[in-house]
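# Reading the structure
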Amino acid sequence: MSVQTLTQPAESSTETIRISGSEAVVRSLIAEGVDVLYGYPGGAIMPVYDELYKFRDQIHHVLTRHEQGAAHAAQGFARISGRVGVAIATSGPGATNLVTGIADAQIDSTPLICITGQVGAHLLGSDAFQETDIVGISTPVTKWNHQITCAEEIPEVLAKAFYIAKSGRPGPVLIDITKNAQFEMLDFKYKPCTGIRSYTPEPQIKHSDLADAAALINGAKRPFIVWGQGIILSQAEQALKDFIEHTGIPAAWTILGASAINTDHPLNVGMVGMHGNYAPNILTNECDVLLAVGMRFDDRVTGNLDTYAKQAKIIHIEIDPAEVDKNVKTDVAVIGDAKKALIALREMCTQNTHPQWLNRFTELHEVEHEKIIHKDLFPTKEGLTMGEVIRSINEHTKGEAAVVTDVGQHQMIACRYAEFKRTKSNITSGGLGTMGFALPAAIGAKMAAPERAVVAVIGDGGYQMNIQELGTIFQTKAAVKIVLLNNNFLGMVRQWQQLFFDKRYASTELINPEFGLIANAYHIPAQKVTQRADLNQAVAEMLAHDGPYFLEVVVEPEANVFPMIPSGASVSDIRLS
């Protein structure tokens, strides 16, 4: 089923009641506005599941087919809704199966709460059945984690968990609850957390830093903006749009920043990074002021740091002080919320236009269009391209769909060519690059936004990593549209092998099953396209279908994604072929 979610603040309990720890867990979730969560039951978390059953009219549990699927589904829910996603699992392998999703959420700043069951407190450290030190394992990849060993801790710890997960730079929190704590009784009263001593999630922006940034921007002849997901997380989309229109500065995005501003905005000059657009990559090393907003200068964006924007003055607007000067040395650091910073900075910057500088982007875009884009979107050779599939989806969804991608060539093609007219429309695994992300994440996204078309664009490699989540789609009837771009290869690895390993295709060719039959086994309608003449009609039928749908498109097996910055090269060394 699709679940209509409600946005509501955490509520304090008005009275104290005597309940079990497991009931306290469920009541705490409800108090935080959680009405859907994803998980897989087991012995150590069974008391909580018993309470979820009792409260099933207030909170809906989605049974995924694997705990990793639960974590990714919760991520997809969080990314499209802006709310905290929740996943739940048992101890031992149940908990460890969450770790990939937790690590993904950590590096991509996704607010996520993972609740795991644990053996009884008296068994801790004894290597009991399905005992694993999940707190120790998850410490490097969580924003915070905690083990609860007595029931009295539950309300306060969960309140703190939600506050930490969603405040400042969001991230994942893991709460491990021993089985005895789930059975014990406590006097329950819920009070939401509004602050934690020594934790400052949103630093106060210094006026002097804004003034220094404005001075650089006002004096710039060739200013350039690169924005990341921080714009979306701080709800700064309108503030960024107002700022670039006021200052006339061309702006580009990282893959997690995609959709914050419409792709057809005249000052939106495309994507930066390894497979980004030609103009913004080349001109990174020609701008005189580079304003980075809500992005962390990932190596896939910067290429060789020794040659990255050395001619430019660097301004970095960032809420997490740990990211400032970590990779790229800044001239002015504005530490704080991106929305507040951009609103204040706009008032301090003069209205401007930069027609000659913007024309440089246009000129280089035309080069890329002639050599790459037109061929990707309007191919003349026989084989289908990934680009023309994305073009067909654009034509039928008019830029209104949420596109959930897995990891690989199809991800880069989708990020390059998908058209977005709404924010929170590009949902992908960025920093961790997790194959298997898209199918479960699309389930979570569709449940969080049932009114939106959610299209999962997946490669044949990543699809098979969490293909079991077709069972979750079958059971819940989540109307996810699955587009499988099948080239019978682990395409991105194969591309590197072709370009840098003399075409030694070591363990990258896939012998695939009949994917349509697998979808049919889960009672999901399926169609396979091998000819260009059938593509548009197939996409139209998929989108028109009332319910989940599987569309396989067989694409060229050895096509490559360009432009491309070779690993370790400068952004100026971006290749068009």
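Residues numbered from 1 in each chain as written. Predicted model: local features only at pLDDT ≥ 70, side-chain atom pairs only at ≥ 80, totals over all residues. Heavy atoms only, no water.

### Examining the domain arrangement of the protein
The parts lose accessible area when they come together, and the size of an interface is often stated as this lost area. For the protein, the assigned domains read domain 1 (2–188), domain 2 (207–361) and domain 3 (381–554). Centre-to-centre, using C-alpha coordinates, domain 1 lies 37 Å away from domain 2. Tallying the contact residues gives seven residues for domain 1 and seven residues for domain 2. Buried area between domain 1 and domain 2, summed over both chains or domains, comes out near 640 Å², and the portion from carbon and sulfur atoms is 53%. Summed over the three residues of domain 1 that lose the most area to domain 2, namely R79, D108 and R169, the buried surface amounts to 65% of that side. (Domains from an automatic or database assignment. Contact = heavy atoms within 4.5 Å. Buried area = accessible area lost by both parts, 1.4 Å probe.)

### Things to note about helix α17 (residues 409–417)
Counting buried positions along α17 gives nine out of nine residues, so the element sits mostly inside the fold. Among all positions of α17, only Q409, H410, Q411, M412, I413, A414, C415, R416 and Y417 are buried. (Buried < 20%, exposed > 50% of the residue type's maximum accessible area, 1.4 Å probe, protein only. Helix = DSSP H or I, 4+ residues; strand = E, 2+ residues; numbered from the N terminus.)

### A closer look at the pattern of salt bridges
With the rule as written, the count across this model stands at 21 salt bridges. Across the pair E32 and K166 runs a salt bridge whose closest N-O atoms are separated by 3.6 Å. Linking E32 in the loop between α1 (21–31) and β2 (36–39) with K166 in helix α7 (residues 154–166), this pair joins segments that are 134 residues apart in sequence. E32 sits in the buried class, given a relative accessible area of 9%. For E51, the salt bridge goes to K54, with nearest N and O atoms at 3.3 Å. Note that E51 and K54 are positioned in helix α2 (residues 46–54) at a spacing of three residues, about one turn of the helix. Taking relative accessible area as the criterion, E51 reaches 6% and is therefore assigned buried. Residue K54 is classed as exposed on the basis of its relative accessible area of 53%. When salt bridges that share partners are traced, they join R169, D320, E323 and K326 into one network. (Salt bridge = Lys/Arg side-chain N within 4 Å of Asp/Glu carboxyl O.)

### Observations concerning the sheet that holds strand β6 (residues 144–148)
Whenever strands of a sheet pair, they do so through backbone hydrogen bonds, lying parallel or antiparallel. In space, the six strands of this open sheet follow the order β3-β2-β4-β5-β7-β6, with parallel pairing throughout. The open sheet has two free edges, formed respectively by β3 (60–63) and β6, since each of these has just one partner strand. Within the sheet, the average angular offset between the axes of one strand and its neighbour, ignoring direction, is 20 degrees. Pairing analysis gives five bridges linking strand β4 (residues 85–89) to strand β5 (residues 112–118), with the strands arranged parallel. Paired with V86 across the strands is I113, a residue of β5. Across the face of the sheet, helix α3 (residues 67–81) comes into contact with β2, β4 and β5 while running at roughly 170 degrees to β4. (Pairing = 2+ DSSP bridges. Axes fitted to C-alpha atoms, helices over the stretch in contact; angles between N-to-C directions.)

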